[in-house]
Amino acid sequence: MIKAGVLGAGHLGKIHLRLLSESKKYDLVGFYDADEANAKKVEAEFGYKYFNTIEALIAAVDMVDIVTPTLSHYECAKKAIAQGKHIFIEKPITNTVEEAEEIRELLSQHNIRGQVGHVERFNPAFTAVKDQIENPMFIETHRLAEFNPRGTDVPVVLDLMIHDIDIILSVVKSKVKHISASGVSVISDTPDIANARIEFENGCVANLTASRISLKNMRKTRFFQRDAYISVDFLEKKCEVVKMKDAPEIPGDFDMVLQNAEGVKKQIYFDNPNVAPTNAILDELETFADAINNNTKPVVTLHDGTEALRVANMIIAQF
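Residue numbers here run from 1 along each chain, matching the order of that chain's written sequence. Where local features are concerned, this predicted model is filtered to residues with pLDDT of at least 70; where side-chain atom pairs are given and counted, the filter is 80 or more; whole-chain, interface and lining totals use all residues. Note that the side-chain values use all heavy atoms of the structure and ignore hydrogens as well as water.

- Identification of the protein as Gfo/Idh/MocA family oxidoreductase from Bizionia myxarmorum is taken from an unreviewed UniProt entry.

In structure tokens form, the structure reads like this:
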């Protein structure tokens, strides 16, 4: 079991603490939180050991789980890496791309593992179909949330859209060619609603919409590729695959067949893959444990987290 410590005991930090304490792959040693009153409250309520300095916690563990505000990710990560500790770091990886690249370099120098908390990669609806996503040429995403004051200190692109940016970069094997975007600040000092169009060198186009002032929650992505349409509902954890193949010579009574202007006939068939009821946060933490124990590449590398942040910043620069 890997000795783990958590930096940050806010809303998400408490979830990480609970899951690490329940996991059979980790031994939760304790946590640190800059807010001493909150830390002592969490310690009293849940029984997790509170360390009163970051340094003391880092010294006591093998893996540091960084769930602090983004502005402090860089300093926390540097302290952990300097002590040779593996790091799990919440998204966005850091405040700037330069900070992220420095952390990546430090990590490789110390030959330790790092993973970024892009949790939607572990959403069971996405994992059920990701192997069927092959060379998509148009992608459309909608990530809409009802207003919540938590998170409004950063633009909606870093708060919400970055999830979809990471998903898209993980399935489109091509470099970004051009980005156009617009964003509007409605209730916050930073944009609350944004739309971006990402064009890739291979011709793929992704259209992303994110809002944190919606009347309803929605997290849907649709992938269009040759002979297939794949829909993923990250919120409801459902997915649908619609595929086309050459129609049989003699279609069955219930076969759905389309014919184009050239007379080519295609049969449409539907596939609703089985979606396993899993906990995505637990999965991302436990696959990181596997990467540490087996000395293998984490599912979401620091490079992945850096590139998602880079594209997010390119979008924000358009506003």
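Here the narrative resumes, following the displayed structure.
## Details of the side chain of asparagine 123
- To qualify as a helix, a DSSP run of H or I must reach at least 4 residues; to qualify as a strand, a run of E must reach at least 2; elements of each kind are numbered from the N terminus. Examined against the element boundaries, asparagine 123 turns out to sit in the loop between β5 (114-117) and α6 (124-127).
- The rule is simple: take the accessible area with a 1.4 Å probe, protein chains only, and divide by the maximum for that residue type; under 20% is buried, over 50% is exposed, in between is partly exposed. Taking relative accessible area as the criterion, asparagine 123 reaches 3% and is therefore assigned buried.
- Polar contacts, as used here, are pairs of N or O atoms within 3.5 Å; protein pairs need one atom able to donate a hydrogen and one able to accept it. Residues neighboring in sequence count only if both atoms are side-chain atoms. Looking at asparagine 123, its side chain comes within polar contact range of the main-chain oxygen of phenylalanine 234, at 2.9 Å.
- Non-local contacts of asparagine 123, meaning those with residues more than four positions away in its chain, are made with Phe234, Lys237 and Ala280. Any two residues whose heavy atoms approach within 4.5 Å at even a single point are treated as in contact.

## Side note on the packing of helix α7 (residues 156-171) against helix α9 (residues 302-316)
- At a minimum axis separation of 9 Å, α7 and α9 run at an interaxial angle of 120 degrees. The orientation of α7 relative to α9 falls into the category oblique. As for the relative orientation of α7 and α9, their crossing is right-handed in sense. Of the residues in α9, those in contact with Val157, Leu158, Met161, Ile162, Ile165, Asp166 and Leu169 of α7 are Asp304, Glu307, Ala308, Leu309, Val311, Ala312, Asn313, Ile315 and Ile316.
- In this count, Pro and Cys sit with the nonpolar residues alongside Ala, Val, Leu, Ile, Met, Phe, Trp and Tyr, while Asp, Glu, Lys and Arg are called charged and the others, Gly among them, polar. Here the contact of α7 with α9 is composed, by residue class, of 12 nonpolar, one polar and three charged. Fitted lines through C-alpha atoms serve as axes, helices being fitted only where they are in contact, and the angles separating the N-to-C directions of these axes extend from 0 to 180 degrees. Relative orientations are named as follows: roughly parallel for angles under 35 degrees, roughly antiparallel for angles over 145 degrees, roughly perpendicular for angles from 65 to 115 degrees, and oblique for any other angle. Helix crossings get a hand from a simple test, with the near helix turned counterclockwise from the far one by less than a right angle marking a left-handed crossing and a clockwise turn marking a right-handed one.

## Concerning the domain arrangement of the protein
- Domain start and stop positions are those given by an automatic or database domain assignment. By the assigned domains, the protein splits into domain 1 (2-112) and domain 2 (123-278 + 311-317).
- Placing the centre of domain 1 and that of domain 2 at their C-alpha centroids yields a distance of 31 Å.
- Values labelled buried area give the accessible surface lost by two parts on being combined, using a 1.4 Å probe and summing over both. When the two sides are added together, the surface that domain 1 and domain 2 hide from each other amounts to roughly 430 Å², 60% of it contributed by carbon and sulfur.
- By salt bridge we mean one thing: a side-chain nitrogen of Lys or Arg within 4 Å of a carboxyl oxygen of Asp or Glu. At the surface where domain 1 touches domain 2, the tally comes to zero salt bridges.
- Across the domain 1-domain 2 interface, the total number found is one residue pair in polar contact (both at pLDDT 80 or more).
- Tallied by class, the residues present in the side of domain 1 that touches domain 2 amount to two nonpolar, one polar and one charged.

## Focus on the UniProt feature "domain: Gfo/Idh/MocA-like oxidoreductase N-terminal" (unreviewed entry) in the protein
- UniProt positions are given in the numbering used here, feature names are shortened, and annotations may be inferred rather than shown by experiment. Under the local residue numbering, the UniProt record ascribes the feature "domain: Gfo/Idh/MocA-like oxidoreductase N-terminal" (unreviewed entry) to residues 2-118.
- Segment residues 2-118 splits into 45% helix and 22% strand. End C-alpha atoms: 21 Å apart.

## Structural notes on helix α1 (residues 11-22)
- Taking 1.5 Å of rise per residue, the 12 residues of α1 would be expected to cover 16 Å, and the 17 Å separating its terminal C-alpha atoms lies within 8% of that figure.
- Every buried residue of α1 is listed here: Gly13, His16, Leu17, Leu19 and Leu20. The span one expects for a helix is its residue count, reduced by one, times 1.5 Å.

## Regarding the UniProt feature "domain: GFO/IDH/MocA-like oxidoreductase" (unreviewed entry) in the protein
- Using the residue numbers shown here, the UniProt feature "domain: GFO/IDH/MocA-like oxidoreductase" (unreviewed entry) corresponds to residues 155-216.
- Here residues 155-216 is 26% helix and 39% strand, with 19 Å between the C-alpha atoms at its ends.

## Notes on the packing of aromatic side chains
- Two aromatic rings, drawn from Phe, Tyr or Trp (for Trp, its six-membered ring), form a pair once their centres lie within 6.5 Å of each other, and the interplanar angle then sorts them: stacked below 30 degrees, edge-to-face above 60, tilted otherwise. A complete count under the given rule lists six aromatic pairs for this structure.
- Relative to phenylalanine 224, the ring of phenylalanine 138 lies with its centre 5.8 Å away and its plane at 40 degrees, an arrangement referred to as tilted. With phenylalanine 138 in strand β6 (residues 138-144) and phenylalanine 224 in strand β10 (residues 218-225), the pair connects residues that are 86 residues apart, well separated along the chain.
- Note on phenylalanine 138: relative accessible area 30%, which makes it partly exposed.
- Ring geometry for phenylalanine 224 versus tyrosine 229: centroids 5.0 Å apart, planes at 40 degrees, classification tilted.
- Within the aromatic cluster, the residues linked to one another by ring pairs are Phe138, Phe224 and Tyr229.
- Note on geometry: a ring has a charge over it if NZ (lysine) or CZ (arginine) is within 6 Å of the ring centre and within 35 degrees of the ring normal. Over the ring of phenylalanine 234 we find arginine 143; its NZ or CZ atom is 5.7 Å from the centre of that ring.

## Quick notes on the sheet that holds strand β2 (residues 26-32)
- Between any two strands, at least two bridges found by DSSP are needed for them to pair. Pairing is parallel across the open sheet formed by five strands, whose spatial order is β2-β1-β3-β4-β5. The open sheet terminates on both sides in strands that have one partner only, identified here as β2 and β5. Looking at each pair of strands side by side, their axes are set apart by 20 degrees on average, direction ignored.
- Pairing of strand β4 (residues 86-90) with β5 involves four bridges; the strand directions are parallel. Bridging across to β5, glutamate 90 finds its partner in glycine 117.
- Against the sheet, helix α4 (residues 73-82) touches β1 (2-7), β3 (63-66) and β4, its axis set at about 170 degrees to β4.

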